[in-house]
Each structure stands twice: as C-alpha cells, then as structure tokens.
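# Architecture at a glance
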Amino acid sequence: MLRFILLSLITVLFLSGCGYDFYMNKPVTKQIVSVTRGDQTLSLDSEVAVGNDFFATKLKSNFFRGYADIKYENGQYYVKYRNLPIDEDKIKQLEKDIYAIYFAGDYPYIATSKMFGKTTMSGRTKTVYDTDGYELYKVTYSNNQIYLYNNLMEYSIVIDVGADSWGQN
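Before going into details, it helps to say that this report is about the structure given with it. By convention here, each chain's residues receive numbers from 1 onward along its written sequence. Reporting in this predicted model follows two pLDDT cut-offs: at least 70 for local features of residues, and 80 or more for side-chain atom pairs to be given and counted; totals over whole chains, interfaces and linings ignore these cut-offs and use all residues. For side-chain calculations, the full set of non-hydrogen atoms in the structure is used, while hydrogens and water are omitted.

Next up on the list: the overall build of the protein. Numbering of helices and strands runs from the N terminus, with a helix taken as a DSSP run of H or I at least four residues long and a strand as a DSSP run of E at least two residues long. In terms of regular secondary structure, the protein is built from two helices and 10 strands. Walking the protein from its N terminus toward its C terminus, one meets helices and strands in the order α-β-β-β-β-β-α-β-β-β-β-β. Classification of the 169 residues of the protein by burial places 37% in the buried group. Long-range pairs, those at least 24 residues apart, make up 35% of the contacts in the protein with a sequence separation of at least 6. Note on exposure labels: buried denotes an accessible area under 20% of the residue type's maximum, exposed denotes more than 50%, and partly exposed covers the range between, all computed with a 1.4 Å probe on protein chains only. The contact criterion used is simple: two residues touch if any of their non-hydrogen atoms lie within 4.5 Å.

Here's what the structure looks like:
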C-alpha cells in the first residue's frame, strides 16, 4: 500500500512538473487565434505565455481535433503538432509570424536573436522589413487584439487577447 501511495505521488509530481516546465513559470493567458487566407479561416483556442526571449503556446482546434505546442526560447523553436492542416513549410512560416508579432523591433518583447531587417513603429502599428528592405508584415496592436498581415503570403492572423492581457517590456 505504501509503495502504491509513493508511486502515485511521484507520478503526480512528474506530470505537474511537465506542465510547469512548458510555460517556465510565466503567467498564462487564454486567447483565440484566427488565421485567414481568402475566404478560409482556421480558428484555434490558445493558452500563451510570453516574455523577453520566451514564447510558449498550446493551440487547439476543436474542428480538426488537433493541437500544436510551440515554444520559442533564446532563439530556438520547439514545435509539436497533430491533426492540423499544416505542414513543415507552414510551421516555418508560423515561426516567423510569431517572431514578427512578439519580438521584431524589440516590441512588445525583446529577443537576443534577430530574424528580420529593420522594424518601424508608427503609433500602435509595427512594420517589419526583410534584410533587403522589402515590407513583410504589418502588425497592429490594440487593447484586446493583435492583427498581423503578411504582405508576401497575403494572409492575416488575428489574436483576440482580452483587454490589457499582454504586457510590454
């Protein structure tokens, strides 16, 4: 009986440690992420934790019964996904989108590694350029929404974040 109790306790501690490790003790925010291209939209429920040089999200699609776990830490991405209409190329593009939203131009968070060329801010709109000067993204921030438009691939990502639920450095 004592062996069973100890095994159960160790299992619970191990499993709770896995969830703790994913978000690295950062506050978690619930969001709705919508990716739209033409007349097609993929809507995902999300839990996200973000800070300087750190991003972690768990995305879930009820329609596809799939998920994606994405983590960015110190310039490296770790991605795991299942049953979503995405492939390796789309994952690589999503990594760039995440960087453009949260880290390009060190707004709203700072990243030590740099992925793009220059970034300009005009009010609450960030414009991200490639190293050759071509405009890649426009990212607009409001109190309850982040809107990204990818100029090259012609799609948008809308993140409904709730009022003042994301911070600035």
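Moving on to the nonpolar core. To define a nonpolar core, start from buried Ala, Val, Leu, Ile, Met, Phe, Trp, Tyr and Cys residues and group those joined through side-chain atoms within 4.5 Å. In terms of nonpolar packing, the biggest core is built from 34 residues, with Phe 55, Tyr 102 and Phe 103 touching the most fellow members. For this core, the secondary-structure elements that each account for two or more residues are strand E2 (40-51), strand E3 (54-61), strand E4 (66-73), helix H2 (88-102), strand E8 (135-141), strand E9 (145-150) and strand E10 (155-160). Per-element tally for this core: the top contributor is H2, with five residues. Once residues lying within four places of it in the same chain are set aside, the contact partners of Phe 55 are Val 48, Ala 49, Val 50, Ile 70, Lys 71, Tyr 72, Ile 98, Tyr 102 and Phe 103.

Any helix carries an expected span of 1.5 Å times its number of residues minus one. Given a rise of 1.5 Å per residue, 15 residues ought to cover 21 Å, and the 21 Å separating the end C-alpha atoms of H2 matches this to within 8%. When H2 is considered as a whole, its buried residues turn out to be Ile 91, Gln 93, Glu 95, Asp 97, Ile 98, Tyr 99, Ala 100, Ile 101 and Tyr 102. Pairs of N or O atoms within 3.5 Å make up the polar contacts considered here, provided that, within protein, one atom can donate a hydrogen while the other can accept it, and that residues adjacent in sequence are counted only when both atoms are side-chain atoms. Where H2 starts, the residue carrying a side-chain oxygen 3.2 Å from the main-chain nitrogen of Asp 89 turns out to be Asp 87.

So, about the pattern of salt bridges. A pairing counts as a salt bridge when a side-chain nitrogen of Lys or Arg comes within 4 Å of a carboxyl oxygen of Asp or Glu. Inspection of every chain in the model, using the stated rule, returns five salt bridges. Glu 47 is the salt-bridge partner of Lys 30, the closest N and O atoms lying 2.9 Å from each other. Taken together, the positions of Lys 30 in strand E1 (residues 29-37) and Glu 47 in strand E2 put the pair 17 residues apart, joining distant regions of the chain. Among the residues examined, Glu 47 registers a relative accessible area of 28% and is labelled partly exposed. As a salt-bridge pair, Lys 114 and Asp 106 come within 2.9 Å of each other at their nearest N and O atoms.

This part covers the sheet that holds E8. With antiparallel pairing, the 10 strands of this open sheet are ordered in space as E5-E4-E3-E2-E1-E10-E9-E8-E7-E6. Since the sheet does not close on itself, it has two edges, and those belong to strand E5 (76-82) and strand E6 (119-122), each with one partner. Between one strand axis and the next, the sheet turns through 20° on average, direction left out of account. Pairing between two strands requires that DSSP report at least two bridges joining them. Sheet topology note: the E8/E9 ladder contains five bridges and is antiparallel. Bridge pairing in E9 places Thr 140 opposite Tyr 147. Strands in contact with H2 are E1, E2, E3, E4, E5, strand E7 (125-129), E8, E9 and E10; relative to E8, the strand with the most contacts, it is inclined by about 55°. Simply put, an axis is a line fit to the C-alpha atoms, just over the touching stretch for a helix, and the angle between two N-to-C directions goes from 0 to 180 degrees.

It is worth spelling out the environment of Thr 120 at this point. With respect to the helices and strands, the residue Thr 120 is situated in strand E6. Accessibility expressed as a relative area gives 32% for Thr 120, which makes it partly exposed. Separated by 16 residues in sequence, Thr 120 and Ala 104 place their C-alpha atoms 9.4 Å apart.

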